[in-house]
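Close look at the chain arrangement
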Amino acid sequence: MPATYNILIMGASYGSLLGTKLALAGHTVKLVCLPAEAELINTEGAIVRMPLKGREGLVEINSKKLPGKLGAGGTTAFNPADFDLVALAMQEPQYRSPGVRELLDAVVKAKVPCMSIMNMPPLPYLKRIPGLDTDACRDCFTDAAVWDGFDPKLMTLCSPDPQAFRPPEDKVNVLQVRLPTNFKSARFDSDAHTAILRQLAANIEAARFDTGSEKIELPVKLKVHDSVFVPLAKWGMLLAGNYRCVQKDEMRSIKEAVHGDLAASRAVYDWVVRLCISLGASDRDMVPFEKYANAALSLGSPSSAARALAAGAPNIERVDRLVQTVARQKGMHNDVVDQTVTLVDGWLEKNRKKA
């Protein structure tokens, strides 16, 4: 195995978090993003700030000062065939955008293994779940056709559990981590491709960040699991928290969505866990509700999906609708989930009319 890998990351928001962790571990990373973002990242570095247990304030990591190399460019700047791994770190609706769509086609042609860190599992990944009718899931996607060329064997899903945001008062090359949990990836179909993930995970685990006065271990690791169901543990969190930020006329924080009525949140969460188990997941693939509810206490603003709707987005990732659709295949339904889907539909309809 090579000592270092070349990794292409499509998307520079969450992408810069994964990218700086990989560059800290000595790898070469290229981020695909908008021209203004790329220019800032190339001149000033990608800057990630994160909290550290037992330490005051935030630790600031600048990609310019790391052992590996991190650069950025637009959709035509890189050839996917030059990379060992592609990470998909944009929001699902963005993959049909001009330029992005063509780059995704080039990834398909290059037959490079792909790790998605979207909340919305790409269709080729859903095909790896035994017994799922993926054709019935197509209308949950903004444009399902962009995924049609992919070989499911070359696609894996990584749950983006760390919570991060771009502070509005800072430049677009700055990302702030609110909840420094781990990225949890399922293995690839192939042992050789899975070995790349395990090597990256081991390198991230071993890496230490030089503050100038000491070398410290940073949170946010990459964990690789054999079960295809581990990343689906995020579904319960999204349905009990993120999508329930969406109210009829306003948005609320994730903390409020979860803790405003803890019993209702637990009921939705447990229902989603039962759905995952009916698909073939085991209890140990899932995250206990208490652990999630505790983490939600630090999430004092609305989810990115809720913020996008409030800002007038005509499309967002529809994990809410996907979970509802998959549940129907299992003869399951949940009133709160149905109500959430209806609320999100309503906001999207309103936003599309305005647009």
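Here's what I pulled together on the structure shown here.

Cut-offs and rules
Residues numbered from 1 in each chain as written. Predicted model: local features only at pLDDT ≥ 70, side-chain atom pairs only at ≥ 80, totals over all residues. Heavy atoms only, no water. Helix = DSSP H or I, 4+ residues; strand = E, 2+ residues; numbered from the N terminus. Rg over C-alpha atoms; globule rule 2.2 N^0.38 Å. Buried < 20%, exposed > 50% of the residue type's maximum accessible area, 1.4 Å probe, protein only. Contact = heavy atoms within 4.5 Å. Areas by Shrake-Rupley, 256 points an atom, 1.4 Å probe, with all protein chains shown as cover. Lys, Arg positive; Asp, Glu negative; His and termini not counted. Charge placed at Lys NZ, Arg CZ, Asp CG, Glu CD. Pairing = 2+ DSSP bridges. Axes fitted to C-alpha atoms, helices over the stretch in contact; angles between N-to-C directions. Core = buried A, V, L, I, M, F, W, Y, C linked by side-chain atoms within 4.5 Å. Expected span 1.5 Å × (residues − 1). Arc of directions from axis to C-beta. Polar contact = N/O pair within 3.5 Å; in protein donor to acceptor, adjacent residues only side chain to side chain. Disulfide = S-S within 2.5 Å.

1. Some details on the overall build of the protein
A count of helices and strands for the protein gives 12 helices and 14 strands. Computed over the C-alpha atoms, the radius of gyration of the protein is 19 Å, within 12% of the 20 Å expected from 2.2 N^0.38 for a compact globule of 355 residues. If one aligns the C-alpha atoms of the protein with their principal axes, the spans along those axes are about 50 × 45 × 45 Å. When the 355 residues of the protein are sorted by exposure, 57% land in the buried category. Here the contacts in the protein between residues at least 6 apart in sequence split such that 74% fall between residues at least 24 apart. A total accessible area of about 15,000 Å² is found for the protein, and carbon and sulfur atoms account for 50% of it. The averaged location of the 40 negative side-chain charges in the protein is 2 Å from the averaged location of its 44 positive side-chain charges.

2. Section: the side chain of Asp320
Mapping Asp320 onto the fold places it in helix 11 (residues 319-329). Using a relative accessible area of 0% as the deciding quantity, one classes Asp320 as buried. Those residues in contact with Asp320, other than ones at most four positions away along the chain, are Leu239, Tyr243, Val337, Thr340, Val341 and Val344.

3. Comments concerning the sheet that holds strand 14 (residues 222-225)
Spatially, eight strands are ordered 5-2-1-6-7-8-11-14 in an open sheet, and the strand pairing comes out mixed. Only two strands of the sheet have a single neighbouring strand rather than two, namely strand 5 (69-73) and strand 14. Within this sheet the neighbouring strands show an average axis-to-axis angle of 25 degrees, counted without direction. Strand direction decides the pairing type here: strand 7 (residues 114-116) and strand 8 (residues 155-160), joined by three bridges, are parallel. Considered in strand 8, the bridge of Met115 is made with Thr156.

4. A few points about the sheet that holds strand 3 (residues 47-51)
Within the open sheet, the four strands sit side by side as 4-3-10-9. Their pairing is mixed. Edge positions in the open sheet fall to strand 4 (58-62) and strand 9 (163-165), since each of these has one partner strand only. Each adjacent strand pair in this sheet contributes to an overall mean axis angle of 25 degrees, direction not counted. Where strand 3 meets strand 10 (residues 174-179), three bridges bridge the pair, whose relative direction is parallel. Paired with Val48 across the two strands is Leu175, which belongs to strand 10. With respect to the sheet, helix 1 (residues 14-24) is in contact with strand 3, strand 9 and strand 10, its orientation differing from that of strand 3 by roughly 85 degrees.

5. Concerning unusual backbone geometry
Glycine aside, the phi torsion of most residues is negative, and most peptide linkages are trans. Phi angles above zero are rare outside glycine, and Lys111 is one such case at about 55 degrees. Note on Lys111: relative accessible area 61%, which makes it exposed. Notably, Val220 is not glycine yet its phi reads approximately 70 degrees, a positive angle. With respect to the helices, strands and loops of the structure, Val220 is situated in the loop between strand 13 (215-216) and strand 14. For Val220, a relative accessible area of 1% corresponds to the buried category.

6. Observations regarding the nonpolar core
Membership of the largest hydrophobic core comes to 83 residues, with the highest contact counts inside it found for Met10, Tyr95, Leu126, Trp147, Trp235 and Tyr292. Sort the elements by how many residues they give to this core and helix 8 (residues 262-279) lands first, with eight residues. Not counting chain neighbours up to four residues away, the residues in contact with Tyr95 comprise Met10, Leu88, Ala89, Met90, Val100, Arg101, Leu104, Met118, Val146 and Trp147.

7. Regarding helix 12 (residues 335-354)
Its 20 residues give helix 12 an end-to-end C-alpha distance of 29 Å, which sits within 8% of 28 Å, the value for a rise of 1.5 Å per residue. Of all the residues in helix 12, the buried ones are Val337, Thr340, Val341, Val344, Trp347, Leu348 and Asn351. Angularly, the buried residues of helix 12 cover 130 degrees about the axis, an arc narrow enough to put them on a single face. Facing away from the buried side of helix 12 by more than 90 degrees, the exposed set consists of Asp335, Gln339, Thr342 and Lys353. The opening residue of helix 12, the one whose side-chain oxygen lies 2.9 Å from the backbone nitrogen of Val336, is Asn334.

8. Concerning the state of the cysteines
Summed over all chains, the structure comprises zero disulfides. Residue Cys140 stays outside any disulfide, its sulfur separated by 5.6 Å from that of Cys137, the closest cysteine. Classification of Cys140 as buried rests on a relative accessible area of 2%. Cysteine Cys245 is unpaired, with the sulfur of Cys276 as its nearest cysteine sulfur at 19 Å.

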